[in-house]
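Take a look at the letters that make up each chain.
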Amino acid sequence: KKRIAVMTSGGDAPGMNAAVRAVVRMSIAQGCEAYAIYEGYEGLVQGGKFIKRMHWEDVRGWLSEGGTLIGTARCKAFTERTGRLRGAKHLVLAGIDALVVCGGDGSLTGADIFRSEWPGLLAELTKLGEISEDQCSSFKTLNIVGLVGSIDNDMSSTDATIGAYSSLTRICQAVDFIDATAYSHSRAFVVEVMGRHCGWLALMAGLSTGADFVFLPEKPPQDKWEKEMCRIIKTVDPNPSTHPPIHRAAGKRKTIVIVAEGAIDRELKPITATYVRDILVDELRLDTRITTLGHVQRGGTACAFDRILATLQGEEAVKAVLESTPDIPSPMIAINENKITRKPLMDAVRLTKAVAECIKNKDFAGAMDLRDPEFEE
Ligand code: F6P
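Just so you know, these numbers come straight off a predicted model, no measurement behind them. (Residues numbered from 1 in each chain as written. Predicted model: local features only at pLDDT ≥ 70, side-chain atom pairs only at ≥ 80, totals over all residues. Heavy atoms only, no water.)

Draft legend 1. Region of the structure containing the site of the ligand. Around the ligand sit Arg-74, Ile-151, Asp-152, Met-194, Gly-195, Arg-196, Glu-261, His-295 and Arg-298, and that is every residue in its neighbourhood. Glu-261 is positioned with one of its side-chain polar atoms (N or O) 2.4 Å from an oxygen atom of the ligand. Here Arg-298 contributes a side-chain N or O atom positioned 2.8 Å from an oxygen atom of the ligand. Notes on the ligand: free accessible area 400 Å², of which the protein chains cover 73%. Residue composition of the shell around the ligand, by class: two nonpolar, two polar and five charged. (Near = heavy atom within 4 Å. Polar contact = N/O pair within 3.5 Å; in protein donor to acceptor, adjacent residues only side chain to side chain. Areas by Shrake-Rupley, 256 points an atom, 1.4 Å probe, with all protein chains shown as cover. Nonpolar A, V, L, I, M, F, W, Y, C, P; charged D, E, K, R; others polar.)

In structure tokens:
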């Protein structure tokens, strides 16, 4: 019987439990044995009690649980070959030769490196006498399949990552709550949202809450943006030449500015919530508060979309394991135009890294083009 293991790695994301549940149940339904590796790569490096056989009923009720019930970690040991050597030994001893990893680009890159090193790792383990020749020969290849779990929605080649829409929903609710108090006091709020170097959460939160101004890493504002932000916030009508600044006079009682945690200006200097607040206070005399949403954006139950996405992708991951051959590069399970698809994992990682590279080189048009080729200024 084929043995398929699933693990979650990197930052937790709502929907990861649904993904684990789907991989476990689909594996069993296909006549395979299912395993979970607890605590991400840390569990793989430690072995023993961290690698657990999973049965159908072990994942009962997991669709509606937030976070990841099998734990996750950002593991330093696995970034080194000695850590991966220990991981390989534990997989061979458990008889596992297929690994479904649910995590962000760093976690999926780690998985692909592991796969590429696999024959060398086994040869070394045999030489060291840690595994026998026989054990080695029955584990010639390691199948890796990536599921993208991250609230940031920062992976190229897929329209959505598992957890992003749950996080966005939470941000939307929080901004709605803030709206009520902002309106009551006629205040401005600067809301900082997560997303690391990706502005998807901030941009979509801005769209879905009708925010007055949004700061993103991929599209820094023009120089002297402070003036422009104040003009927009003061002006109700988009054409200020026909209407003078009438923010409060027009009865507009609240201002919401959303700042992505990775927001920068054109010189790559961070744009912080504090700086934006100071501008609103000094230039517009608005009574302004800052709300950093923090980890409430990541915890909590998954929205329906993420549960469905994770379930369909978990099922597809097991199919990909069963259909894999050594000549097919590790796949990443994606969603494109509402269809669950398979994409070469390392192409997606390469494109994701290219966005960061463009930003680092101040090629913001290039970054936007990679994020969305159809984007128009
Ligand atoms: O990648 C998910 C994420 O929540 C990012 O949005 C954020 O920058 C980071 O993880 C926070 O990491 P930690 O929980 O380790 O502080």
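Okay, back to it.
Draft legend 2. How the structure looks around a negative patch on the surface. Judged by side-chain charge, Asp-159, Glu-337, Asp-363, Asp-369, Asp-372 and Glu-374 come together as a negatively charged surface patch. With respect to the helices, strands and loops of the structure, Asp-363 is situated in the loop between helix 11 (345–360) and helix 12 (364–371). The exposure class of Asp-363 is partly exposed, given its relative accessible area of 34%. (Patch = residues over 30% accessible without salt bridge, like charges linked within 9 Å, V, L, I, M, F, W, Y side chains within 5 Å. Salt bridge = Lys/Arg side-chain N within 4 Å of Asp/Glu carboxyl O. Lys, Arg positive; Asp, Glu negative; His and termini not counted. Charge placed at Lys NZ, Arg CZ, Asp CG, Glu CD. Helix = DSSP H or I, 4+ residues; strand = E, 2+ residues; numbered from the N terminus. Buried < 20%, exposed > 50% of the residue type's maximum accessible area, 1.4 Å probe, protein only.)

Draft legend 3. Main features of the pairing of strand 5 (residues 143–148). Burial runs high along strand 5: six of the six residues are buried. Both faces of strand 5 are covered, namely the face carrying Asn-143, Val-145 and Leu-147 and the face carrying Ile-144, Gly-146 and Val-148. Across six bridges, strand 4 (residues 98–103) lies against strand 5 in parallel orientation. Looking at the pairing, Ala-98 lines up with Asn-143 of strand 5. Bridge count for strand 5 against strand 10 (residues 331–336) is two bridges, and the pairing is parallel. Residue pairing in the sheet places Gly-146 in a bridge with Met-332 of strand 10. (Pairing = 2+ DSSP bridges.)

Draft legend 4. A look at the side chain of Thr-341. Secondary-structure assignment places Thr-341 in strand 11 (residues 339–344). One polar contact links Thr-341 to Asn-336, side chain to side chain, over a distance of 2.5 Å. Setting aside anything within four residues of it in sequence, one finds Thr-341 in contact with Met-332, Ile-333, Ala-334, Ile-335 and Asn-336. (Contact = heavy atoms within 4.5 Å.)

Draft legend 5. Inspection of the sheet that holds strand 5 at higher detail. Here seven strands make up an open sheet; going across it, the order is 3-2-1-4-5-10-11 and the pairing mixed. Two strands lie at the open edges of the sheet, namely strand 3 (51–54) and strand 11, each paired on one side alone. Sheet twist, expressed as the mean angle between neighbouring strand axes with direction ignored, is 30°. Across five bridges, strand 1 (residues 3–8) lies against strand 4 in parallel orientation. (Axes fitted to C-alpha atoms, helices over the stretch in contact; angles between N-to-C directions.)

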